[in-house]
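Below, each chain spelled out in residue letters.
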Amino acid sequence: MAELPHRHVALRTAESPLPAVAAHARQALLGPLGRLVAVLSRLVCRHPAGWRWLARWHHPVLDRLAAAHAHATCVRAARQVPAYRAFLRARPGTRRRLSDYPETDKLSYVTPHDAAARCWNGRLPSRGVVVDESAGSSGQPFNWPRGDRELRAVHRDIAGYTGLVFPMRRPFVINAYSMGAWATGTTTGAAMARIAVVKNTGPDLGKIADTLREFGPDFDYLVTAYPPFLKHLRDRLDADGFPWKRYRIFASCGGEGMTEALRDYLEQRFALVRSAYGASDLTIGIGAETRFTVWLRRRLQTDRGLREALLGADEQRLPMVFQYNPFTTYLETNERRELICTVTGDVLQPRLRYNVGDEALLVPYRRVVELAQADPVRRAELRTAVAAERMTLPVLLLFGRRDSTVSYLGANLYPQDVEYGLYAGNPHAAEINAFCLTLVEDAALETRPVIHLELRRPLATAARDALAEACRSGVRRHLTSVSRDFAQSLVEDPTAGDLRVELHEPGQGPFAGPQKIKNVYLVR
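Remember, it's a predicted structure, so these values are computed and weren't measured experimentally.

Q: In this structure, what is going on with unusual backbone geometry? I would like to understand it.
A: One non-glycine residue, Arg337, lies in positive phi territory at about 65°. As for its placement among the helices and strands, Arg337 is situated in the loop between β10 (329–333) and β11 (338–343). We classify Arg337 as partly exposed; its relative accessible area is 22%.

Q: Explanation requested: the pattern of salt bridges in the structure shown.
A: Pairs can form between side chains of opposite charge once their charged atoms are near each other. Scanning the model with the defined rule gives 33 salt bridges in all. The salt bridge involving Glu267 is made with Arg274; its shortest N-O contact spans 3.8 Å. For Asp303, the salt bridge is made with Arg299, and the minimal N-O distance between the two is 2.9 Å. You'll find Asp303 and Arg299 in the same group, each marked buried. Each of Glu260, Arg263, Asp264, Glu267, Arg274, Glu289, Arg297 and Arg298 takes part in salt bridges that share partners, so that together they form one network.

Q: Mind showing me how you'd approach the side chain of Thr438 here?
A: With respect to the helices, strands and loops of the structure, Thr438 is situated in strand β16 (residues 432–441). Dropping the residues within four chain positions of it, Thr438 is found in contact with Arg448, Pro449, Val450, His452 and Val523.

Q: Where do I start with the nonpolar core in this structure?
A: In summary, soluble globular proteins display a tendency toward joint burial of nonpolar side chains. Judged by nonpolar contacts, the single largest core of 112 residues is most densely connected at Tyr84 and Leu422. Not counting the four nearest positions on each side in its chain, Leu422 is found in contact with Ala429, Ile432, Phe435, Ile451, Leu453, Cys471 and Val475. Core analysis: the second largest hydrophobic core is formed by 15 residues, Val154, Met192, Leu222 and Phe250 among them.

Q: Can you help me understand the sheet that holds strand β12 (residues 354–363) in this one?
A: Strand pairing in a sheet relies on backbone hydrogen bonds, with the paired strands running either antiparallel or parallel. The sheet built from eleven strands is open, its strands ordered β4-β3-β5-β6-β7-β8-β9-β13-β12-β11-β10 with mixed pairing. Looking at strand neighbours, the two that pair on one side only are β4 (197–200) and β10, the edges of this open sheet. Where strand β3 (residues 171–175) meets β4, four bridges bridge the pair, whose relative direction is parallel. If you follow Asn175 over to β4, its bridge partner there is Asn200. Running at roughly 155° to strand β7 (residues 272–277), helix α6 (residues 148–165) makes contact with β5 (220–225), β7 and β8 (287–288) of the sheet.

Q: Sorry if this is basic, but what is going on with the packing of aromatic side chains here?
A: The geometry of an aromatic ring pair is captured by the separation of the ring centres together with the interplanar angle, meaning the angle of the planes. Summed over all chains, the structure comprises 20 aromatic pairs. Ring geometry for Tyr161 and Phe166: centres 6.4 Å apart, planes at 90°, overall edge-to-face. Pair check on accessibility: Tyr161 and Phe166 agree, each one buried. A ring pair is formed by Tyr177 and Tyr226, whose centres lie 5.2 Å apart and whose planes are at 80°; its orientation type is edge-to-face. In this pair, Tyr177 is assigned in the loop between β3 and α7 (183–192) and Tyr226 in the loop between β5 and α9 (227–239), connecting sequence segments 49 residues apart. The same class applies to Tyr177 and to Tyr226, which are both buried. Over the face of the ring belonging to Tyr101 we find Arg95, whose NZ or CZ atom lies 5.9 Å from the ring centre. Geometry around Phe219 places Arg170 over its ring, the cationic atom sitting 4.1 Å from the centre.

About the criteria used
Residues numbered from 1 in each chain as written. Predicted model: local features only at pLDDT ≥ 70, side-chain atom pairs only at ≥ 80, totals over all residues. Heavy atoms only, no water. Helix = DSSP H or I, 4+ residues; strand = E, 2+ residues; numbered from the N terminus. Buried < 20%, exposed > 50% of the residue type's maximum accessible area, 1.4 Å probe, protein only. Salt bridge = Lys/Arg side-chain N within 4 Å of Asp/Glu carboxyl O. Contact = heavy atoms within 4.5 Å. Core = buried A, V, L, I, M, F, W, Y, C linked by side-chain atoms within 4.5 Å. Pairing = 2+ DSSP bridges. Axes fitted to C-alpha atoms, helices over the stretch in contact; angles between N-to-C directions. Phe/Tyr/Trp six-rings, centres within 6.5 Å; stacked < 30°, edge-to-face > 60°. Lys NZ or Arg CZ within 6 Å of the ring centre and 35° of its normal.

Shown next, in the form of structure tokens:
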């Protein structure tokens, strides 16, 4: 049978015309269905109150509708996006379900095709487009054009979430994300202007301190920034004698993971700290923390039964936990537990089963509720955790990039575990500006992990020794508690706990060179 014209490349068959007829029927149904879902979603979320209503009344039936919407987006893109049409033509096959469509990523899809070819109908509009640039953490920065409708939808989502999670009376947002072409900073500033007074300071500690003093404690402040910068801000304001008790200051962060130890450290000053998950490749608002997800994450730290039920018996890592809206970002995982995302909203360049390189698990909200109901303590805690926000959206358990580890004596050491050890109960934590992890072979040809610490300021010898010992013992203690492989290594060879801590003056050692937007935690 001759190959169908390329506009139907997603529906090839070599056996009988009946499957092709069925495929055309599905295509005819999916197109209007996708458009209907998009219109309804746009109408409901036009105002932040509509977004909150949808988040609170999400039902499992809607997950199936969201899957059909994602499938419809792929079917439509196979006809109307030149780059995707060529991508599928090079990977022939019968595609009846969403999972039949191959994954895309930067290497296979973005790099071979120019920006216009990845747009609907192969056209990059001449106006009304904002180009974001990714931070280049994967080695090369990429440019991501976004249309006006797409940006407005993102702004609505951010504004709706913020109004639901942060109880502010007179909101004043201090946007401390990096400005310029970076997606998070500019988009956050524009979104927050819908619901608050906004000042885009960028990551400037002096400007933020001046702003807080200038406008005073009559406002409720929300500082948006990367997690390490929030620590720098707390330490700087403490050093300046800032009157925290007179102010109500919340914090929203993203761009990288955050440990509960760092959250506890920050919430000694901030009224509330919540994190969000996004990617410049996709959208900055894929998922976000709620009181429910923070409860679940902290419960996973201590509840072995719940941990094994959700993560598996051998999982030592504690993932970030978010809720997400499948109608705007439909999520799947592949056999390697890599996160696959289809952005189904009004986007200029559709992201179609896009693999961003993060490892994750997806859990229905009702599954967590069922596990909580099985235990009276969990049930009582859950009731308190969901009382205010009442969001019923599905749950994303995010472990981060698959290659973010250092292997040592058969154990995987993760940067987030090192961060726990550095900050949890450490009286000298305020002296730490940044850290990174590496493996070094010593003169005896033994390989040991080295934790490099960048100091906030020069310290006397006694203070340096106290800081190094507190960090060394804290990291060793935390690794022993979370990693059975590491704990067993200590039993077999006590010298395995010889974790080296090296202190560096600001901007020295591995922290020398141009300052990067995001911290680098592994030095190869």
